[in-house]
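Fold and contact review
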Amino acid sequence: MKPLAEALSDMMLFNEPPRHERLRGMMKPVLTPRFVRQMRPAIQGIATALLNRLADAGEMDVIADYARPLSRDVIALLAGVPADARHLLDDWRGLLHEFFTQSTAEHGRIESLRAVFQQGLAQRRAGADGDLLEQLMAARKAGAAFTDDEIIANLLLLIDAGQATTTHLIGNAVLALMAHPDQADLLRDQPELLPGAVHEFLRYDSSVQFTTRIALADLEYGGHRIRRGDSVTLVLGAGNRDPRHYSDPDSLLVTRRAGDHLSFGHGIHYCLGAALSLVEIEAAIGTLLARTRQWRLLDENPPWLDSINFRFLTALPISFSPAAGRATELQEVTRDG
């Protein structure tokens, strides 16, 4: 358990300034909008390949057959996980779960991933490979003082923070569109609305519902006294449905300006992978809308993970009709957006 505990201690998420800024500074230059734009064709290619295999079947589990392999393969591509090691990313349940579980198999998976990243760093020292590992190595060659352990720990954080949450944001978005079929039709007719609609999906039903912070000073809010050092739970889902800020907050409106939602957090811990997640969700939903229509639930009550914080559908089986001939058009719109 000690190696995983050490990895957690090296992650930016579990550090405060000044070390937090230093660790965040390691990843920030390589998760730029420009870098994500360069990845967009590859992300779109993964989504298209998945739908090519699924579109003629007439039914799928949106989570298991589409969203989960899409987010897994994007993270693997970004982090330089080779094809023969991608099984290590399957059914990812989160590092804190891995830390507290007694399963030696789960601890073994983390150690196997660390070995993959260690080998990747060694390979990048010998030559470029065009992925995030190469970018991190280039930054270190330019004078950034990051250790291998810090790089590997924050690559594990990237997997932990980005893979499951994006998977289930896609699932939640599909379920929301099924409950609002007029909004799905609007996106099919006007695919240029999709980049803004992604923010509305995040506002409407975020896969993470709350976060916690430590008060840095005494304050009073809503008649409650909060003292310096108190732990404060911030309910992101409630903020995203605040009627004082959003009109008709319980409706999905893909034309809504919802870019100020709270689903990526706020302040110094704002999600560093937000730009990547937005592109993934856009590609996933856009391709699904372009290639399929007439979505129907095969289970009227799709199962949810038993969790107080995570809004994760464990399955979303649907039937659909193929809709050929629109994918190219939508891909061009989303790529230029």
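Residues numbered from 1 in each chain as written. Predicted model: local features only at pLDDT ≥ 70, side-chain atom pairs only at ≥ 80, totals over all residues. Heavy atoms only, no water.

What describes two packed helices is the angle between their axes and the distance between those same axes. For the pair helix α4 (residues 62-79) and helix α12 (residues 274-291), the least separation of the axes is 11 Å and the interaxial angle reads 140 degrees. Considered as vectors, α4 and α12 are oriented oblique to each other. As for how α4 packs across α12, the hand of that crossing is right-handed. Here α4 contributes Tyr66, Leu70, Ser71, Val74 and Leu78 to the contact with α12, which in turn contributes Leu276, Glu280, Ala283, Ala284, Thr287 and Leu288. The residue makeup of the contact of α4 with α12, split by class, is eight nonpolar, two polar and one charged. (Axes fitted to C-alpha atoms, helices over the stretch in contact; angles between N-to-C directions. Helix = DSSP H or I, 4+ residues; strand = E, 2+ residues; numbered from the N terminus. Parallel < 35°, antiparallel > 145°, perpendicular 65-115°, else oblique. Left-handed = near helix turned anticlockwise from the far one by under 90°. Contact = heavy atoms within 4.5 Å. Nonpolar A, V, L, I, M, F, W, Y, C, P; charged D, E, K, R; others polar.)

Our next topic: the environment of Thr292. The topology assignment puts Thr292 in strand β6 (residues 292-297). Spatially, the C-alpha atom of Thr292 lies 10.0 Å from that of Glu59, the residues being 233 residues apart in sequence. If we ignore the near neighbours within four places in the chain, the residues touching Thr292 are Leu51, Arg188, Phe320, Ser321 and Ala323.

The next thing to look at is the packing of aromatic side chains. Under the defined criterion, the tally for this structure stands at two aromatic pairs. Aromatic side chains Phe264 and Tyr270 sit 6.0 Å apart centroid to centroid with 70 degrees between the ring planes, which places their arrangement in the edge-to-face category. Their ring planes at 35 degrees and their centres at 5.1 Å tell us that Phe310 and Phe312 sit as a pair that is tilted. Using a relative accessible area of 34% as the deciding quantity, one classes Phe310 as partly exposed. The buried category is assigned to Phe312, whose relative accessible area is 11%. In this structure, Arg188 is placed above the aromatic ring of Trp295, and the distance from its NZ or CZ to the ring centre is 5.2 Å. (Phe/Tyr/Trp six-rings, centres within 6.5 Å; stacked < 30°, edge-to-face > 60°. Buried < 20%, exposed > 50% of the residue type's maximum accessible area, 1.4 Å probe, protein only. Lys NZ or Arg CZ within 6 Å of the ring centre and 35° of its normal.)

All right, on to the nonpolar core then. Counting residues in hydrophobic clusters, the biggest one holds 86 residues, and the most contacted among them are Met60, Tyr66, Phe117, Leu156, Phe201, Ile285 and Trp295. The biggest single contributor to this core is helix α8 (residues 148-179), with 16 residues. Not counting residues within four places of it along the chain, the set of residues in contact with Tyr66 comprises Ala47, Leu50, Leu51, Leu54, Met60, Asp61, Ala283, Ala284, Thr287 and Leu288. (Core = buried A, V, L, I, M, F, W, Y, C linked by side-chain atoms within 4.5 Å.)

Next up on the list: the environment of Phe117. Tracing the backbone shows Phe117 in helix α6 (residues 104-126). For Phe117, a relative accessible area of 0% puts it in the buried group. Once residues within four sequence positions are removed from consideration, Phe117 is found in contact with Ala79, Val81, Ile152, Leu155, Leu156 and Ile159.

Moving on to the confidence of the model for the protein. Scored by pLDDT, the protein comes out at a mean of 85, with 85% of its residues at no less than 70. Within the protein, the element-level pLDDT minimum falls on helix α13 (residues 327-336), averaging 42, and the maximum on helix α10 (residues 194-204), averaging 98. Predicted confidence is poor over residues 326-337, with pLDDT under 50, and the contacts of this stretch with residues over four places away or in other chains come to 23 contacts. (pLDDT = per-residue confidence, 0-100.)

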